[in-house]
Amino acid sequence: LMKILFGMPVITETGGFKGKVFLRGRETGFSSPFDALDAGIGMVHQEFSLIPGFTTAENIVLNREPMRPSLLNDFFGPRMSILERETMKKRSQAAIAKLGVKLEPDTLVSEMPVGHKQFTEIAREISRENTSILVLDEPTAVLTESEAQILLESLRRLAAEGVAIIFISHRLQEIVEVADRLVVLRDGRVVKDVTTSGVGIKDIASWMVGRSVASDSTRGEDRALSSDIALKVEGLWVDMPGETVRDVGFEVKRGEIFGIGGLAGQGKLGIPNGIMGLYAAGGKVELEGESVALNDPESALKAGMAFVSEDRRGVGLLLDESLDWNIAFTAMQVRREYLKPLLG
């Protein structure tokens, strides 16, 4: 639905759509996202669309960079204009200030934690002078609870300034907290369009699934944990940009669910990335009493450790391959399974 609104090419490539779109009382339709942007619609997609080698400021003002002419303009045209980097920095800082978060304009996107990338995406859209409608596709999915609250407060401020916001989320509590009106889709059809006043999470859930949802939610019974240590970490340090870890130690018992909390940039992502060998690390890691070599992902995988990365596009998946290939790939590569010998 939002791809139709934003003029995404996939819509026209797959047969287009029927129906009408009205913007400020006038019927309209966009053949490309550039048309939507010119009309004042900004969209933050679920998958990041940032340039990793560019800084925060460069990504925020991308394609709208302030320029000043150089001596070469007379010979080679406006392409030889010079970037006004101080103005770029000020414009990006103004957009960041609107969000109420702490982002350094000179930080490379490749060195940011995932949460900061999300805020950079949103800052880019609100930095456009003509943005009057902002579409957010599950913006809190990669944020911690405290970061999500900061974002929701930012959305309230933007709405108070007159920006219309379309907020897509599976976190129903956020819908109740921040939205004035909600629309529930099921099987591609609108099944509910109501104001959020007096609406509860259970109501929304029942509309989504099409049946009554059990009202009682009880925590599982306390389990007796084993005394056996499954994973032991001592003196771990990890040199991961934006998620540096220094001298961390902990133990995880068999059958235990061990949680790690913290804001973006405080090191929580660096711990698993370092243990799995994706970034330079040191210290001591033992799995089932056996030492696991650091800085060697294959060693961790062969030892029986698995890793679901927060960066599914960059690390977690082979985007050009099929589902079955993605599911089986680690077993093929590390355990030599699903393979048949050919000529020995």
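Residues numbered from 1 in each chain as written. Predicted model: local features only at pLDDT ≥ 70, side-chain atom pairs only at ≥ 80, totals over all residues. Heavy atoms only, no water.

Caption draft 1: Main features of the sheet that holds strand E12 (residues 281-287). Pairing within the open sheet is antiparallel, and its four strands lie in the order E11-E10-E12-E13. The open sheet terminates on both sides in strands that have one partner only, identified here as strand E11 (245-253) and strand E13 (290-291). (Pairing = 2+ DSSP bridges. Helix = DSSP H or I, 4+ residues; strand = E, 2+ residues; numbered from the N terminus.)

Caption draft 2: Here's a closer look at the packing of helix H6 (residues 85-99) against helix H7 (residues 114-126). In the contact formed by H6 and H7, the axes pass within 9 Å of each other and the chain directions differ by 110°. One element, H6, and the other, H7, form an angle in the roughly perpendicular class. Crossing hand, H6 versus H7: right-handed. Within the contact between the two elements, H6 uses Ala-95, Ile-96, Lys-98 and Leu-99 and H7 uses Phe-119, Ile-122, Ala-123 and Ile-126. Grouping the amino acids of the contact of H6 with H7 by side-chain chemistry returns seven nonpolar, no polar and one charged. (Axes fitted to C-alpha atoms, helices over the stretch in contact; angles between N-to-C directions. Parallel < 35°, antiparallel > 145°, perpendicular 65-115°, else oblique. Left-handed = near helix turned anticlockwise from the far one by under 90°. Contact = heavy atoms within 4.5 Å. Nonpolar A, V, L, I, M, F, W, Y, C, P; charged D, E, K, R; others polar.)

Caption draft 3: The arrangement of the pairing of E11 in detail. In this structure, strand E10 (residues 229-238) lies alongside E11, joined through six bridges in antiparallel fashion. Note that in E11 the partner of Leu-236 across the bridge is Val-248. As consecutive antiparallel partners, E10 and E11 are separated by six residues, and within that stretch Gly-242 has a phi angle of approximately 80°, a positive value.

Caption draft 4: Molecular detail of the sheet that holds strand E7 (residues 164-168). Reading across the sheet, the three strands line up as E3-E6-E7 and stay open at both edges, with parallel pairing between neighbours. The open sheet terminates on both sides in strands that have one partner only, identified here as strand E3 (41-44) and E7. In this sheet, neighbouring strand axes are inclined to one another by 10° on average, regardless of whether the strands run parallel or antiparallel. Inspection of the sheet shows E3 paired to strand E6 (residues 133-137) by four bridges, in the parallel sense. What sits directly across from Val-44, in E6, is Leu-136. Those strands touched by helix H8 (residues 145-160) are E6 and E7, and its axis lies near 150° from that of E7.

Caption draft 5: Here's a closer look at the pattern of salt bridges. According to the stated counting rule, one finds 15 salt bridges in the structure shown. Linking Asp-193 and Arg-181 is a salt bridge whose minimum nitrogen-to-oxygen distance equals 2.8 Å. Taken together, the positions of Asp-193 in strand E9 (residues 189-195) and Arg-181 in strand E8 (residues 181-186) put the pair twelve residues apart, joining distant regions of the chain. We note a salt bridge from Lys-232 to Glu-234, for which the minimum N-O separation is 3.3 Å. The class of Lys-232 is partly exposed, set by a relative accessible area of 28%. (Salt bridge = Lys/Arg side-chain N within 4 Å of Asp/Glu carboxyl O. Buried < 20%, exposed > 50% of the residue type's maximum accessible area, 1.4 Å probe, protein only.)

Interpretation note: all reported values are geometric properties and have no functional meaning in isolation.
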